Amino acid sequence: MQRRSIQFRASSIAMYTLGAIFLVPLSIGVLLVNSNASQNDHVKQISRDVASMYAQGMDFSRSANQTIALRVGEGLGMDVRAGQGVLILSKIRVVHDTDCQEPPAAQCSNKGYAVVTQRYVMGNPALRASSFGTPGNVDPATGNVQNWLNDPSARAQDFSPNLNQGEFTYAAECYLTKPESGEGVYSRTMY
């Protein structure tokens, strides 16, 4: 009787060990995927909320409004002030004939192109540049891009010039680093 009990225990231990070989990595994988999905959701929510505020006319040249945007990120676990992320806001329009009527009309080299007319960067800009490019002459006090009619660096990259005269697109890009891996999660929202 005792011999049968020892054999039963030995076979049970072998089955549990065999099961653990598959279940432990599977469980770790599920936890990692859940963590990544949660971080993706947070980054998407931050970009969506900040883009909505920007499109509704919030003036991000004011430090109080920038603080509100940073608090949106902090509420979802993104510490932009500690250098773990970056928020990039861009106001984009297409340069049309009516924009080029002021003298000198011959100097309107961005006619027909989508251009960034306003840019705000909050957080650590070294983490990631904007997908829309980096305008060369941005007034730090207002966020306005200087000479967007002629400056080729103001041209928006990867943006279709399908906006009508007077229409704007407001874009918020959010990038958050993962402390454990050094990689990051990116999301952008446009209104």
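Residues numbered from 1 in each chain as written. Predicted model: local features only at pLDDT ≥ 70, side-chain atom pairs only at ≥ 80, totals over all residues. Heavy atoms only, no water.

Asker: Can you tell me about the overall build of the chain, naming the residues and giving the values?
Answerer: Scanning the chain from terminus to terminus reveals two helices and four strands. Order of helices (α) and strands (β) in the chain, N terminus to C terminus: α-α-β-β-β-β. The buried share of the chain, reckoned over its 191 residues, is 34%. A sequence separation of at least 24 residues applies to 67% of the contacts in the chain between residues at least 6 apart. (Helix = DSSP H or I, 4+ residues; strand = E, 2+ residues; numbered from the N terminus. Buried < 20%, exposed > 50% of the residue type's maximum accessible area, 1.4 Å probe, protein only. Contact = heavy atoms within 4.5 Å.)

Asker: Break down the state of the cysteines for me, citing the residues and quoting the values.
Answerer: Here a disulfide denotes a covalent bond joining the sulfur atom of one cysteine to the sulfur atom of another. Applying the stated rule across the entire model yields one disulfide. Across the disulfide, C100 is cross-linked to C108 (sulfur-sulfur distance 1.7 Å). Note on the C100 and C108 pair: the S-S dihedral is about -45°, so by sign convention the disulfide is left-handed. Classification of C100 by relative accessible area gives buried; the value is 10%. (Disulfide = S-S within 2.5 Å.)

Asker: Report on the pattern of salt bridges, specifying residues and quantitative values.
Answerer: Throughout the structure, instances matching the rule amount to two salt bridges. Taking the shortest distance from any N to any O, the salt bridge between D99 and R93 comes out at 2.9 Å. In this structure, K111 and D97 form a salt bridge, with 2.7 Å as the shortest nitrogen-oxygen distance. With K111 in the loop between β1 (85-94) and β2 (114-123) and D97 in the loop between β1 and β2, the pair connects residues that are 14 residues apart, well separated along the chain. (Salt bridge = Lys/Arg side-chain N within 4 Å of Asp/Glu carboxyl O.)

Asker: Which residues make up the environment of N137, and what values go with them?
Answerer: Structurally, the position occupied by N137 is in the loop between β2 and β3 (169-177). For N137, a relative accessible area of 42% puts it in the partly exposed group. For the pair formed by N137 and A154, sequence separation is 17 residues and the distance between their alpha carbons is 8.2 Å. Residues in contact with N137, not counting those within four places in the same chain, are N144, V145, Q146 and D151.

Asker: Quick one: what's the story with unusual backbone geometry, residue by residue and with numbers?
Answerer: Here the phi dihedral of N147 falls at roughly 55°; this positive angle occurs in a residue that is not glycine. Mapped onto the elements of the fold, N147 is located in the loop between β2 and β3. We note that D158 has phi near 50°; this positive angle belongs to a residue other than glycine.

Asker: Lay out the side chain of N150 in plain terms, naming residues and giving numbers.
Answerer: Residue placement: N150 occurs in the loop between β2 and β3. Within the local environment of N150, its side chain forms a polar contact with the side chain of N147, the two groups lying 3.1 Å apart. Leaving out residues up to four positions away in the same chain, N150 has contacts with Q107, C108, S109 and N110. (Polar contact = N/O pair within 3.5 Å; in protein donor to acceptor, adjacent residues only side chain to side chain.)

Asker: Before we move on, can you summarise the packing of aromatic side chains with the specific residues and values?
Answerer: On inspection of all chains with the given rule, the structure shows six aromatic pairs. Three or more aromatic residues joined by ring pairs form one cluster here, namely Y54, F60, Y120, F168 and Y170. Above the face of the F168 ring, K91 is positioned so that its terminal group lies 4.3 Å from the ring centre. It is R155 that lies over the ring of Y113; its NZ or CZ is 3.8 Å from the centre. (Phe/Tyr/Trp six-rings, centres within 6.5 Å; stacked < 30°, edge-to-face > 60°. Lys NZ or Arg CZ within 6 Å of the ring centre and 35° of its normal.)

Asker: Can you tell me about the pairing of β1, naming the residues and giving the values?
Answerer: Counting buried positions along β1 yields 10 of 10 residues, so the element is predominantly enclosed. Pairing geometry for β1 and β3, over eight bridges, is antiparallel. Note on β3: the bridge partner recorded for K91 is Y170. Pairing of β1 with β2, which is carried by nine bridges, proceeds in the antiparallel orientation. The residue of β2 that forms the bridge with R93 is V115. (Pairing = 2+ DSSP bridges.)

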